[in-house]
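Take a look at the letters that make up each chain.
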Amino acid sequence: MIRIRRGLYRLRDFPSSQREHLVAEWLNTGQPIDAVLSHETAAELHDLTDLIPSMVHMTASRRNTGRRVPGGVRLHFVTDGVPADERTERNGVPLTTVERTIVDLVVSHGVTEQTMLAVAQALDRGLTTSGHLREVARGRSKAASSRIDQAIGHSEG
């Protein structure tokens, strides 16, 4: 066994992963927090961006606002947590879907070169459709819808 940190070990002969630090951070948040990897971290896992986030981004329910957040983790809070239809899983770790990830990025950062790249990558690779992106954005706010429309316009134009 190889000690990753206090209370967290990895089997010595088990192949390591390029992104195993994300699993370690997710576990370190103190399950059962019901957090999912999100924002820039989820974009990296979906291969929607070439940027490597400086922090591990997660989204959790507001019921968890008093919890200790480990260094290197940015916890985003939403009222009732991330709904089941906006979650997916990679290697046993929950993260936001492609659509939710893009909407989170656009809401957090606006329409930037990186968010437009994420939209273009998702559409070009057939990971989502512009209609599905618009549907998820409509569930958030008018501003989210407007920004998604703008980002889709840039990627299609």
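Our next topic: the overall build of the chain. Counting its regular elements, the chain contains six helices and seven strands. For the chain, the N- to C-terminal ordering of α and β elements is β-β-α-β-α-β-β-β-β-α-α-α-α. Taking all 157 residues of the chain together, 42% fall into the buried category. Put simply, of all contacts in the chain between residues at least 6 apart along the chain, 51% involve residues at least 24 apart. A total of about 8,800 Å² of accessible surface is found on the chain, and carbon and sulfur atoms cover 48% of it.

Between its first and last C-alpha, helix α6 (residues 142–156) extends 21 Å over 15 residues, near the 21 Å set by a 1.5 Å rise per residue. Turning to α6, its buried residues number three or more, namely Ala144, Ser145, Ile148, Ala151 and Ile152. The arc that holds the buried residues of α6, viewed along the axis, is 130°, so those residues lie on one side. Buried residues in α6 make contact with α3 (98–109), α4 (113–124) and α5 (130–138).

The next thing to look at is the nonpolar core. Leu48, Ile102, Val103, Val119, Leu133 and Ile148 are the most contacted members of the largest nonpolar core, which totals 18 residues. Breaking this core down by element, the ones donating at least two residues are α3, α4, α5 and α6. It is α3 that provides the largest number of residues to this core, a total of five residues. Formed by eleven residues, the second largest nonpolar core is a distinct cluster that contains Leu37, Leu45, Met58 and Leu95.

This part takes up the packing of α3 against α4. Contact geometry of α3 with α4 gives a least axis separation of 10 Å together with a crossing angle of 165°. The pairing of α3 with α4 is recorded here as roughly antiparallel in orientation. For α3 against α4, the interelement crossing comes out left-handed. Residues Val98, Ile102, Leu105, Val106 and His109 of α3 lie in contact with α4, whose contacting residues are Thr115, Ala118, Val119 and Ala122. Split into classes, the residues belonging to the contact of α3 with α4 amount to seven nonpolar, two polar and no charged.

In terms of residue burial, strand β4 (residues 56–61) counts as a mostly covered element, since six of its six residues are buried. Here strand β3 (residues 36–37) runs beside β4; their pairing, made up of two bridges, is antiparallel. By the bridge assignment for β4, Leu37 is matched with Met58. Relative to strand β5 (residues 73–78), β4 is paired through six bridges, and the arrangement is parallel. Following the sheet pairing, His57 is matched in β5 by Arg74.

How each quantity is defined
Residues numbered from 1 in each chain as written. Predicted model: local features only at pLDDT ≥ 70, side-chain atom pairs only at ≥ 80, totals over all residues. Heavy atoms only, no water. Helix = DSSP H or I, 4+ residues; strand = E, 2+ residues; numbered from the N terminus. Buried < 20%, exposed > 50% of the residue type's maximum accessible area, 1.4 Å probe, protein only. Contact = heavy atoms within 4.5 Å. Areas by Shrake-Rupley, 256 points an atom, 1.4 Å probe, with all protein chains shown as cover. Expected span 1.5 Å × (residues − 1). Arc of directions from axis to C-beta. Core = buried A, V, L, I, M, F, W, Y, C linked by side-chain atoms within 4.5 Å. Axes fitted to C-alpha atoms, helices over the stretch in contact; angles between N-to-C directions. Parallel < 35°, antiparallel > 145°, perpendicular 65-115°, else oblique. Left-handed = near helix turned anticlockwise from the far one by under 90°. Nonpolar A, V, L, I, M, F, W, Y, C, P; charged D, E, K, R; others polar. Pairing = 2+ DSSP bridges.

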